[in-house]
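# Coordinates in review
Letter by letter, the chains look like this.
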Amino acid sequence: MRFIKSIIMRKYTLIQEKLSAIVLLCVIAIMASCSNNTPSVKEKSNSADIVVSGEMTAELTAPPYVPAPVGDRPAKKLLVNMEILEQEGEMTDGVKYVYWTFGGSVPGSFIRTRVGDEVQFTLKNHPDNKLPHNIDLHAVTGPGGGATSSFVAPGYETKFSFKTLNPGLYVYHCATAPVGMHIANGMYGLILVEPEGGLPKVDKEYYVMQGDFYTKGENGQPGLQPFSMQKAVDEDADYVVFNGSVGALTGDKAITAKVGETVRLYVGNGGPNLVSSFHVIGEIFDRVNIEGGDAINENVQTTLVPAGGSAIVEFKVDVPGTFIIVDHSIFRAFNKGALGMLKVEGDENKSIYSGKLLEGIYHPEGGTIQEMPGDAPAPRVAASKAERIEFGKQVYTSTCFACHQSEGQGVAKAFPPLAGSDYLNEDVNRAIDIVLHGKTGEITVNGESYNSVMTAQTLSDEEVASVLTYVYNSWSNNGSEVTPEMVAKQRNAH
Amino acid sequence: MIKRLIFFLTIVIGAIPEPLMAQVQSDMKKIKGGIYVPLYGLDSSNVIVDDFYLDTYPVTNDEYRNYLLKNPSWRKTEVIQLFADQRYLNKWVNDTTFSHSFKGQSPITSISWFAAKAYCKSQGKRLPSVDEWEYAAMASENEPNAQLDSVFQQFIIEGYETPKTSLKEIGQSSPNYWGIHDLHAMVWEWTSDFNSVLISGESRKDVDTDRKLFCAGGSVNATALMNYAAFMRYAIRGSIKANYCMENMGFRCASDIIK
């Protein structure tokens, strides 16, 4: 009994010691964090003290453009006039959606301010609208981020003002009940608060904002699609897109730059549900303002953009070509629309990117030819058209599927369809040539123009013949048969 | 005890024929009262709704025009600004002619709460309360309480998302369980105590009440989490004042069952 008691006592003392150690650590931690915080607290009170001189009306821009940088202008009284419009738009070809918008675009107009500005915000709710709205700007220090002061019925306007205290890239959104639905219908955008003296100058700046959409019909079902409350609650998105619709940043609407320029993207994510794995294929972000704040990370491949959050990414484009912007949660990119393009023009730089130097056969066992004992396996040669189609299907699945999709339907505005494709059926030799040597530049397929890149495929004559025969004999194409001889002829023609 | 007394009186008086009632009831339907749980409430317990009469249709442009012919004080050039702001009947060409883009059988809109209240009074009626309106409007075609019917809720939300529904004509859609038309998918409707539950210009100081309407705080308190349609009605009611006149807001009248 006494033994047990002594053990308990010893344990108790131990706990006491540990506790006091923890308390001591905590005190140190608190002191340390206090001393760390002092500068930023000071900075914040300083920005509250910045005196404004003069008044100006804010330039507002629709995506993908941003207003002119603040440069070294002093803090001013900045008048922002924004109109809320509930209007029908196109989600993707043939699919309509009633968007609720700040300024007539999704995402809403880009607002650019500097630290210390006194923003006088006028929010107008168009008389044709059916719902009351408000605005919650994450750049606001105050209750509801402005939402409580900006609640406005259709046909009315409201005014409030705030001072920008913290630099950074902030999301704004509607916060009227049911909040999720207002955001899901497109009511979000970005407001940039530049530090004193402005952000470092770059060559090109663009505004890209992701959003997820929930429609009553499945992805691609045509007609006017109402919002699906159930799918939104289940977080089962039909569309995940940049700048409000599929193809808003592809083809003619792609953003552009020239070789050697530095590009800065103001990236936001309206949600309502999904967090973005923002990535530009073939680029590395030289600098990222993580979550739109002060912290800078360098040499980033993919940056996380939370719903209701942002990031500023910067990179120098060194080589020409089309760079695909994606949410690297990758099914969203190729199946739900989260795909954009940055087209870079200029001279090749072979020391940075060579293009293809060599096409060869990889021998894992080493360069010298080794033979398995016994008969060498015969290369697979199709004996009939049916067999060729069967082999071709396997090649298709491993080589073509990712872009042209399972039923040859392609991806709207990015990768042309093979199913019922006029371009394909028109010219067999051209098709062979494209598989062998790749294709860049603008083409028109079934009335839609595509301006993308297909790389040359490393396939044998037999494989090219099989896959094309498969494609020509699927999805209402013309049933042509392509033979290895035809492929060899095209290969030798170059 | 008092309830029992009222019940007794109801039975006795209810048996007496009421000549006045016939007039009041034309184009009205009787709603049998009951208990319902509102989405919000200062006290979010059950609410008892008594039997009442409700107009079968929203008040139309034709009906309101006839009213204006007899009641000049509510014409747009005569109306007192305190009771109706500049948007009152703002698409009317003049005092007694509505816009050519409107139809006579479409619901009257751009109307203030004061105007709606005065109109109902002139008919020997009154505006329905929020509770009465919500109670009648939770009925689908086949059941008196379809609050948890997701198909019905989706139908209501789609109506709120569809632009220009105020230009439709009354009575084109199926009546609900009580025989009432167009409570949904047409116009917002004024209620007598529209701003009593949530925010209004005056109740902003009441932060707790206020907060229910913003952000997800509201959904936690909601008795029916999925009832997004109701959120939208409470939001519109909270955003307006009694002299506001919106192009998507009309009204219909109610009356007591005379006991």
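Here the structure is a predicted model, which is why all the values come from computation and not from measurement. (Residues numbered from 1 in each chain as written. Chains lettered and ligands numbered in written order. Predicted model: local features only at pLDDT ≥ 70, side-chain atom pairs only at ≥ 80, totals over all residues.)

Helices and strands together make up the secondary structure of chain A, namely 10 helices and 23 strands. Taking all 494 residues of chain A together, 42% fall into the buried category. Once local pairs closer than 6 in sequence are excluded, the contacts in chain A between residues at least 24 apart make up 70%. (Helix = DSSP H or I, 4+ residues; strand = E, 2+ residues; numbered from the N terminus. Buried ≥ 20, exposed ≤ 12 C-beta atoms within 10 Å, placed from the backbone. Contact = placed C-beta atoms within 7 Å.)

Along its length, chain B carries 9 helices and 7 strands. Here chain B holds 259 residues, and 41% of them are scored as buried. Contacts spanning at least 24 positions in sequence make up 77% of the contacts within chain B whose residues lie at least 6 apart.

Quick look at the packing of helix H9 (residues 461–472) of chain A against helix H10 (residues 484–493) of chain A now. Residues and elements named next belong to chain A. The geometry of H9 relative to H10 is characterised by a closest axis approach of 8 Å and an angle of 115° between their N-to-C directions. In the crossing of H9 with H10, the sense of the turn from one axis to the other is right-handed. The segment H9 lies against H10, with Asp461, Glu462, Val464 and Ala465 engaging Pro484, Met486, Val487, Ala488 and Arg491. Looking at side-chain class alone, the contact of H9 with H10 contains 6 nonpolar, no polar and 3 charged residues. (Axes fitted to C-alpha atoms, helices over the stretch in contact; angles between N-to-C directions. Left-handed = near helix turned anticlockwise from the far one by under 90°. Nonpolar A, V, L, I, M, F, W, Y, C, P; charged D, E, K, R; others polar.)

Attention now moves to the domain arrangement of chain A. Residues and elements named next belong to chain A. In terms of domains, chain A is made up of domain 1 (56–345) and domain 2 (385–493). Put simply, the middle of domain 1 and the middle of domain 2, counted by C-alpha atoms, are 37 Å apart. With 10 residues of domain 1 at the contact, the number on the domain 2 side is 10 residues. The class makeup of the residues in the side of domain 1 that touches domain 2 is 3 nonpolar, 6 polar and 1 charged. (Domains from an automatic or database assignment.)

Quick look at helix H8 (residues 428–437) of chain A now. The periodicity of an α-helix, 3.6 residues per turn, causes residues three or four places apart in sequence to face the same way. Residue and element names in this part refer to chain A. Taken residue by residue, H8 has Ala431, Ile432 and Val435 as its buried positions. Viewed end-on, H8 has its buried residues packed into an arc of 100°, placing them on one side of the element. Of the surrounding secondary structure, the elements contacted by the buried residues of H8 are helix H7 (422–426), H9 and H10. Gly438, located one to two residues past H8, shows a positive phi value of around 80°. (Arc of directions from axis to C-beta.)

Within the largest apolar cluster, 152 residues are counted, with the highest numbers of intra-cluster contacts made by A:Leu190 and A:Ile325. For this core, the element with the highest residue contribution is helix H9 (residues 228–239) of chain B, accounting for 8 residues. Split by domain, this core shows at least three residues from each of two domains, domain 1 (56–345) and domain 2 (385–493) of chain A. Beyond its immediate stretch of four places on either side in the chain, A:Ile325 contacts A:Val208, A:Phe242, A:Leu249, A:Val280, A:Leu339, A:Gly340, A:Met341 and A:Leu342. (Core = buried A, V, L, I, M, F, W, Y, C linked by C-beta atoms within 7 Å.)

In any sheet, the strands associate via hydrogen bonds between backbone groups, in a parallel or an antiparallel arrangement. Residues and elements named next belong to chain A. Spatial ordering of the open sheet is given by S13-S21-S20-S15-S18, a layout of 5 strands whose pairing is mixed. Either end of the sheet is taken by a strand with one partner, and the two such strands are strand S13 (255–258) and strand S18 (302–305). Mean inter-strand twist for the sheet, computed between neighbouring axes without regard to direction, equals 20°. (Pairing = 2+ DSSP bridges.)

Before going further, it helps to examine the pairing of strand S4 (residues 52–55) of chain B. Residues and elements named next belong to chain B. Every second residue of S4 is oriented toward a common face, with Phe52 and Leu54 on one face and Tyr53 and Asp55 on the other, all of them buried. Pairing analysis gives 3 bridges linking S4 to strand S7 (residues 254–256), with the strands arranged antiparallel. Among the inter-strand pairings, Phe52 is bridged to a residue of S7, identified as Asp256.

Right, let's get into the interface of chain B and chain A. Contacts between chain B and chain A engage 26 residues on the former and 26 residues on the latter. Residue assignment for the side of chain B that touches chain A shows that the elements contributing at least two residues are helix H6 (150–161) and H9 of chain B. Classifying every residue of the side of chain B that touches chain A gives 15 nonpolar, 5 polar and 6 charged.

Residues and elements named next belong to chain B. Scored by pLDDT, chain B has a mean of 80; 75% of the residues are at 70 or more. By mean pLDDT, helix H8 (residues 217–221) is the weakest element of chain B at 36, and helix H4 (residues 113–122) is the strongest at 97. Confidence drops under pLDDT 50 across residues 5–24; counting only partners more than four residues distant or on other chains, this segment forms 10 contacts. In this model residues 199–225 is a low-confidence stretch, pLDDT under 50, and it forms 46 contacts with partners more than four residues away in sequence or in other chains. The ipTM, which scores confidence in the relative placement of chains, is 0.77 for this predicted complex, and the corresponding pTM is 0.72. (pLDDT = per-residue confidence, 0-100.)

Turning our eyes to something else, we now look at the packing of helix H5 (residues 385–399) of chain A against H9(A). All names here are of chain A. At a minimum axis separation of 6 Å, H5 and H9 run at an interaxial angle of 95°. In terms of orientation, H5 and H9 fall into the roughly perpendicular class. For the pair H5 and H9, contact is made by Lys385, Arg388, Ile389, Phe391, Gly392, Lys393, Val395, Tyr396 and Thr399 and by Glu463, Ala465, Ser466, Val467, Thr469, Tyr470 and Val471, respectively. Partitioning the contact of H5 with H9 into residue classes produces 8 nonpolar, 4 polar and 4 charged. (Parallel < 35°, antiparallel > 145°, perpendicular 65-115°, else oblique.)

So, on to the confidence of the model for chain A. All names here are of chain A. Summary statistics for chain A give a mean pLDDT of 86 and a share of 86% for residues scoring 70 or more. Segment residues 23–42: pLDDT under 50, and 0 contacts once partners within four positions in sequence are set aside and those in other chains are kept. Taken together, the stretch residues 367–371 has pLDDT below 50 and engages in 2 contacts with residues farther than four places along the chain or on a different chain.

This part is about the sheet that holds strand S1 (residues 28–31) of chain B. Residue and element names in this part refer to chain B. Pairing is antiparallel across the open sheet formed by 3 strands, whose spatial order is S1-S4-S7. Because the sheet does not close on itself, it has two edges, and the strands there are S1 and S7. For this sheet, the mean inter-axis angle between neighbouring strands, taken without regard to orientation, is 25°. Sheet topology note: the S1/S4 ladder contains 4 bridges and is antiparallel. Following the sheet pairing, Lys30 is matched in S4 by Tyr53.

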